[in-house]
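A look at the structure
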Amino acid sequence: MYYGVNSPETSNCYYMLGIYYVENMFLEKALLCYQKCIWIRKEVNTEEGKLGVADCRYNMGIIYWKKN
């Protein structure tokens, strides 16, 4: 298994870090984490990665809603 900069596990870390930032109202940092997560998951190009991109975009929509 590959655990590098562009691995699915790394994208999961960015996703969880984004959740942490949203919960603590660091919205700009959360957006950056979700953007990086999306970039990695698009590179992985698996069915699970595609579902993960949808999750990230949903969470980004919530952030934009909170920011008005």
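In the block above lies the structure referred to throughout.
Calculation criteria
Residues numbered from 1 in each chain as written. Predicted model: local features only at pLDDT ≥ 70, side-chain atom pairs only at ≥ 80, totals over all residues. Heavy atoms only, no water. Helix = DSSP H or I, 4+ residues; strand = E, 2+ residues; numbered from the N terminus. Buried < 20%, exposed > 50% of the residue type's maximum accessible area, 1.4 Å probe, protein only. Contact = heavy atoms within 4.5 Å. Areas by Shrake-Rupley, 256 points an atom, 1.4 Å probe, with all protein chains shown as cover. Core = buried A, V, L, I, M, F, W, Y, C linked by side-chain atoms within 4.5 Å. Axes fitted to C-alpha atoms, helices over the stretch in contact; angles between N-to-C directions. Parallel < 35°, antiparallel > 145°, perpendicular 65-115°, else oblique. Left-handed = near helix turned anticlockwise from the far one by under 90°. Nonpolar A, V, L, I, M, F, W, Y, C, P; charged D, E, K, R; others polar. Phe/Tyr/Trp six-rings, centres within 6.5 Å; stacked < 30°, edge-to-face > 60°. Lys NZ or Arg CZ within 6 Å of the ring centre and 35° of its normal.

Turning next to the overall build of the protein chain. Along the protein chain, the regular secondary structure elements total 3 helices and 0 strands. In the protein chain, buried positions account for 35% of the 68 residues. Within the protein chain, counting contacts between residues at least 6 apart in sequence, those at least 24 apart form 52% of the total. Summed over its atoms, the accessible surface of the protein chain is roughly 4,800 Å², and 59% of this surface lies on carbon and sulfur atoms.

This brings us to the nonpolar core. Core analysis: the biggest nonpolar cluster contains 14 residues, and A30, Y34, C56 and I63 have the highest contact counts within it. The set of elements that each furnish at least two residues to this core consists of α1 (8-23), α2 (27-44) and α3 (47-67). The greatest single-element share of this core, amounting to 7 residues, is contributed by α2.

Turning next to the environment of Y15. Looking at where Y15 falls in the secondary structure, it is placed in helix α1. Here Y15 falls in the buried class, since its relative accessible area comes to 18%. As for Y15 and G52, which are separated by 37 residues in sequence, their C-alpha atoms are 8.9 Å apart. Residues in contact with Y15, not counting those within four places in the same chain, are Y34, C37, R41, D55, C56 and N59.

What follows is about the environment of E9. Assignment of secondary structure puts E9 in helix α1. Taking the relative accessible area as the measure of exposure, E9 reaches 28% and is therefore partly exposed. For the pair E9 and R41, spaced 32 residues apart in sequence, the C-alpha to C-alpha distance is 9.9 Å.

So, on to the packing of α1 against α2. Across the interface, α1 lies against α2 with an axial gap of 8 Å and an inter-helix angle of 160°. Viewed along their axes, α1 and α2 adopt a mutual orientation that is roughly antiparallel. α2 is crossed by α1, and the crossing has left-handed handedness. Facing P8, T10, S11, N12, Y14, Y15, L17, G18, I19, Y21 and V22 of α1, the residues of α2 in contact are L27, K29, A30, C33, Y34, K36, C37, I40, R41 and V44. Class assignment for the residues of the contact of α1 with α2 results in 14 nonpolar, 4 polar and 3 charged.

Turning our attention to the packing of aromatic side chains. Counted by the stated rule, this structure contains 3 aromatic pairs. Aromatic side chains Y21 and F26 sit 6.1 Å apart centroid to centroid with 85° between the ring planes, which places their arrangement in the edge-to-face category. Given a relative accessible area of 17%, Y21 falls into the buried group. Put simply, the rings of Y20, Y21 and F26 touch in pairs and so form one group of aromatic residues. The ring of F26 carries the charged tip of K29 above its face, separated from the ring centre by 5.5 Å.

The values are spatial; any link to function lies outside them.
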